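Inside the fold
Here's the letter readout for the chains.
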Amino acid sequence: MLLLVRLSLCLSLLLGLTACTSANPTPTPPVLAPSVTPTMPTTAELLLSAAPNDFCAKPVTRGCGKPLAVLIAHYLQRNPTDPQALALWRRIISLGQPSMELGADDPQAFDITWAFAGWAQAEFLALDLPHALAPTQPAALEIGKLTIMPTNLDGDSNQDYLLSGSISGSPNAIGQLRWMHWQQDTWVGEHGLSYENDAGAEIQLGDVTGDAQPELFVRSSYCGSACSGRMYAWTWQAGRPKALFPIGANTSNLSLTPIDGKLSVSSADVRYTFDGQYLAPAELAAPSGPFSNTIGTQLRYAHGLTLLGRFDQAIAQLEQAAAQPDGSAEYGHNQTLKDARPVALFRIGIIQLLKHDHAAAQTAWNRLLTQFPQALAATVVHDFKLTSFNGSISQWCELLAAERPSIMEGYQREMLDRSPFNEFDWLPLCHPRTLLPLQTWNQAVPLGEQFAALGLPLQSLSENYDLNGDGRNDPLGVVDWLGIYTPWVFMTTEAGYQPVYANQPWPNAIALTSLSDPDYFLSRPNAVSITDLDADGAPEWLFEYRDYFSLLAWSDGRFWQNRVTQYQGTSFYTATLSLAPQSDGTQRLSAEYLPNAAGQQPKPNHVEYELHAGTLMQQVPVPINLTNGFSYEHHDPSIATLYAALFGSDDPALALEIVALLEPQIWAEHEQLVLQALALEYNGQSAAAQRLLQSVANASETTGWSRFAQQRR
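Residues numbered from 1 in each chain as written. Predicted model: local features only at pLDDT ≥ 70, side-chain atom pairs only at ≥ 80, totals over all residues. Heavy atoms only, no water.

We now examine the overall build of the chain. Across its full length, the chain carries 19 helices and 29 strands. Across the 713 residues in the chain, those meeting the buried criterion constitute 51%. The contacts in the chain between residues at least 6 apart in sequence include a share of 51% that link residues at least 24 apart. (Helix = DSSP H or I, 4+ residues; strand = E, 2+ residues; numbered from the N terminus. Buried < 20%, exposed > 50% of the residue type's maximum accessible area, 1.4 Å probe, protein only. Contact = heavy atoms within 4.5 Å.)

Here we come to the sheet that holds strand 27 (residues 587–593). Taking strand neighbours across the sheet as the criterion, the 4 strands line up as 26-27-28-29 in an open arrangement whose pairing is antiparallel. The sheet is open, and its two borders are formed by strand 26 (575–581) and strand 29 (615–620), each paired with just one other strand. Strand-to-strand twist of the sheet, defined as the mean angle between neighbouring strand axes without regard to direction, takes the value 30 degrees. Inspection of the sheet shows strand 26 paired to strand 27 by 7 bridges, in the antiparallel sense. Of the residues in strand 27, the one forming a bridge with L577 is A591. (Pairing = 2+ DSSP bridges. Axes fitted to C-alpha atoms, helices over the stretch in contact; angles between N-to-C directions.)

With respect to burial, strand 8 (residues 231–237) is a largely interior element, 6 of its 7 residues being buried. Two elements, strand 8 and strand 9 (residues 240–243), share 4 bridges in a ladder whose sense is antiparallel. Bridge pairing links T235 to K242 in strand 9. Two successive antiparallel strands, strand 8 and strand 9, enclose a turn made up of 2 residues, where A238 displays a positive phi of approximately 55 degrees.

Take the packing of aromatic side chains next. As enumerated under the stated definition, the model contains 26 aromatic pairs in all. Here the aromatic rings of F124 and Y161 are separated by 5.2 Å at their centres, their planes lie at 55 degrees, and the arrangement is tilted. Taken together, the residues span a long stretch of sequence, with F124 in helix 5 (residues 116–127) and Y161 in strand 3 (residues 160–168) at a distance of 37 residues. Summarising the burial analysis for this pair, F124 and Y161 share the class buried. Connected via pairs of aromatic rings, a cluster forms that spans Y485, W541, F543, W554 and F559. Directly above the ring of W560 sits R558, whose terminal nitrogen or CZ lies 4.1 Å from the centroid. The ring of Y548 has R563 lying over it, and the distance from NZ or CZ to the ring centre is 3.6 Å. (Phe/Tyr/Trp six-rings, centres within 6.5 Å; stacked < 30°, edge-to-face > 60°. Lys NZ or Arg CZ within 6 Å of the ring centre and 35° of its normal.)

Turning our eyes to something else, we now look at the sheet that holds strand 7 (residues 215–219). Spatially, 6-7-8-9 is the arrangement adopted by the 4 strands of the open sheet, whose pairing is antiparallel. Edge positions in the sheet fall to strand 6 (202–206) and strand 9, since each of these pairs with one other strand and no more. Averaged over all pairs of adjacent strands, the angle between strand axes in this sheet comes to 25 degrees, irrespective of strand direction. Summarising the sheet, strand 6 and strand 7 pair through 5 bridges and their orientation is antiparallel. Among the inter-strand pairings, G206 is bridged to a residue of strand 7, identified as E215.

This part takes up helix 16 (residues 652–661). Within helix 16, the full set of buried residues consists of P652, L654, A655, I658 and V659. Down the axis of helix 16, the smallest arc covering the buried residues is 155 degrees, so these residues share one side. Its buried side turned inward, helix 16 meets helix 15 (639–648) and helix 17 (669–682). (Arc of directions from axis to C-beta.)

Burial of helix 4 (residues 85–95) is extensive: 8 of the 11 residues sit out of reach of the surface. Of the residues making up helix 4, those classed as buried are A85, L86, L88, W89, R91, I92, I93 and L95.

This part covers the state of the cysteines. Per the stated rule, a full pass over the model turns up 1 disulfide. Shown here is the disulfide that connects C397 with C430, its sulfur atoms set 2.0 Å apart. Taking the sign of the S-S torsion, about -90 degrees here, the bridge from C397 to C430 comes out left-handed. Here the residue C397 occupies a position in helix 11 (residues 393–403), and C430 occupies one in the loop between helix 12 (413–417) and helix 13 (432–435), the gap between them amounting to 33 residues. On the basis of relative accessible area, C430 is assigned to the buried category, the value being 0%. (Disulfide = S-S within 2.5 Å.)

Below, the discussion takes up the packing of helix 3 (residues 67–78) against helix 15. Two elements in contact, helix 3 and helix 15, have axes whose closest approach is 11 Å; the angle formed by their N-to-C orientations is 30 degrees. For the pair helix 3 and helix 15, the contacting residues are V70, A73, H74 and Q77 in the first and Y643, L646 and F647 in the second. Its residues assigned to classes, the contact of helix 3 with helix 15 comprises 5 nonpolar, 2 polar and no charged. (Nonpolar A, V, L, I, M, F, W, Y, C, P; charged D, E, K, R; others polar.)

A few words on the environment of E202. Topologically, E202 is positioned in strand 6. When the C-alpha atoms of E202 and S220 are compared, they prove to be 6.6 Å apart, with 18 residues separating the residues in sequence. Ignoring any residue separated from it by four or fewer positions in sequence, one finds E202 in contact with F217, V218 and R219.

With that out of the way, let us pick up unusual backbone geometry. A cis amide bond links V620 with the next residue in sequence, P621, at an omega value of -15 degrees. Position of P621 among the secondary structure elements: in the loop between strand 29 and helix 15. For A212, which is not a glycine, the phi torsion comes out positive at approximately 65 degrees. With respect to the element layout, A212 can be found in the loop between strand 6 and strand 7. The exposure class assigned to A212 is exposed, which follows from its relative accessible area of 67%. One non-glycine residue, A535, lies in the positive phi region at around 55 degrees. Relative to the helices and strands, A535 is located in the loop between strand 20 (527–531) and strand 21 (540–544).

F217, F245, V265, F346, I393 and W396 are the most contacted members of the largest nonpolar core, which totals 78 residues. Of all hydrophobic cores here, the second largest spans 63 residues; its members include L129, I167, I658 and L693. (Core = buried A, V, L, I, M, F, W, Y, C linked by side-chain atoms within 4.5 Å.)

Helix packing for two helices is described by the angle between their axes and how far apart those axes are. As a packed pair, helix 15 and helix 17 sit with axes 11 Å apart at the nearest point and diverge in direction by 25 degrees. The angle between the axes of helix 15 and helix 17 places the two elements in the roughly parallel class. In this structure, the crossing between helix 15 and helix 17 has a hand that is left-handed. Where helix 15 approaches helix 17, its residues I639, L642, Y643, L646 and F647 are matched on the opposing element by E671, Q672, L675, L678, A679 and Y682. Taken together, the residues of the contact of helix 15 with helix 17 sort by class into 9 nonpolar, 1 polar and 1 charged. (Parallel < 35°, antiparallel > 145°, perpendicular 65-115°, else oblique. Left-handed = near helix turned anticlockwise from the far one by under 90°.)

Here A69 lies in helix 3. Taking the C-alpha atoms as reference points, A69 and L95, 26 residues apart in sequence, are found 6.7 Å from one another.

What follows is about the pattern of salt bridges. Throughout the structure, instances matching the rule amount to 15 salt bridges. Ionic pairing is found between D312 and K355, a salt bridge with its closest N-O pair at 2.7 Å. With D312 in helix 7 (residues 311–322) and K355 in the loop between helix 8 (341–354) and helix 9 (358–371), this pair connects stretches of sequence that are 43 residues apart. In this structure, a network of salt bridges that share partners links the residues D470, R472 and E494. (Salt bridge = Lys/Arg side-chain N within 4 Å of Asp/Glu carboxyl O.)

With that settled, consider the side chain of N562. In this structure, N562 sits in strand 23 (residues 558–565). Judged by its relative accessible area of 8%, N562 is buried. One polar contact links the side chain of N562 to the main-chain carbonyl oxygen of G614, over a distance of 2.9 Å. The residues contacting N562, other than those within four sequence positions of it, are F549, S550, L551, A553, G614, T615 and L616. (Polar contact = N/O pair within 3.5 Å; in protein donor to acceptor, adjacent residues only side chain to side chain.)

Okay, structure coming up:
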């Protein structure tokens, strides 16, 4: 109790708060006179010695421990140059430790991610590191949980530093990254918010663009031990970071290899090169390493050769796989060992069909029956009479799809359909993403006739747009076949039509991009339409699903992907989409949210989007944007973003915008009101702030936040 009285008295002096007036005014605490003895504790020392229990009533109540972290952050907001600032930031970080939680007093995660910027910067500034660029980059420094990496990302004449640290919250540790660079005789920090990351992140620097300047790579382990996590990368152009991978690109299986002072980026199947805009798949990676001779690797490599139309090389690779003395390979979710050699012969027959050589396909399947009569693949060949099959590749695919043979035991059908690179499945060779680029498309013959001859359905959507600027319109349409829905553009070229898969994230149309597609399996939308929102003469595809919509917008030689999930709080909602014409000739995409099955009406229920350079930007209501150039991400209003705006970005006006969009949080009502009051106070609206604090202080339920408010009155 003595600690509370001392803390309250000191805060009354240093925070300069006036007593509020009310119907039942409380006595104004006495003002503590300036200390005349060197042993009198300061407010900072009292905050450092305070415990979360100081804000807890008996019995322990909801959220009673968290206010101490906010009280310290508020003090630092008013006293950023306090000699004890670093110790205070460290105290906030320590309060986020799960072990410091007060039993079940707070069902929310005690997340202090918002404090990373202040803590990391305080640790960095305390070292007083030089800003002059060193001829040789010095070694990284380890300061507790913070790693400080010298670099020169923006290529100027000053030293940069990357601050990589892990701060603990409940339930998971969360890692962050901050870029410190010297500007106008001071250190400026920027926080990279465009990757989700935990304490296991791997950070690597190296040149991949050929400009002799380092690029930044972050391997997130956010998804845990079961996978390697996504890879994020940035290059610096004109002093600003720019993402090296397009939004939606699948980067989870990429690796970095130092070669001659540069970094090589690759997956098991593809090597990536910088195309002037992005790191994009550009070259088939030949098998290498300790597993290069395994039959699974050989089958995957043969699939890549097939995608490139190198059929004879693909067959030779499969022949090599089929001739192995032991074809055992792991597959299925239970990783059972099976003989993959029959699958190699089975695929040789498929590729012969792609070459329109039915006799050679039948020969391959006869060999399968002879050499591996007990294999599941042999059963499929026998039951479907493939040794006498003389149909087209599309008929062959429909034959297998009708019976749904898996040629794999231990996998569910859905997993097969969604796994394009599995070496045992037949479906990837029947996917339109594979088949269409391997065909020859003649501009002199109507596309509908060519599709009918191939045995595939084409739903034509538009022939009104010239995408490549050659003076000829490029047909747009979708192929809906075998349960696989794919959008295509048939680009006019001198050699005929070139099929371009519209949903790929990459700006190029090379065949190997299919090995990196994040959405290999695209579900059928409820509705699809072509429009031109920005009135630039280029099309956009609008796909409407039950609880989200997708817009593909043509800009700068590629389709930009935009996906908007109609999700608020803990519920998904459906929405009615319409076009709203604007005075400048453009249109907005308007979404009217509908009540869910429980009758809940989302807030806001009316949202409008404009299209800018291929990217949908929310205009109504104005989106909450806590990014700073690292990504296109917008963040939904929440308690977490409120903390980030208030203490991470030091932007009280933004915090008030977030509050205006927040639903009342019953489980954190006092917390929300206190944060709103602080935002008002920092925004110069002291009277309104005092009224909110008074309402919390006089609440019938005693919480840590009501005790906070009582001390703040």
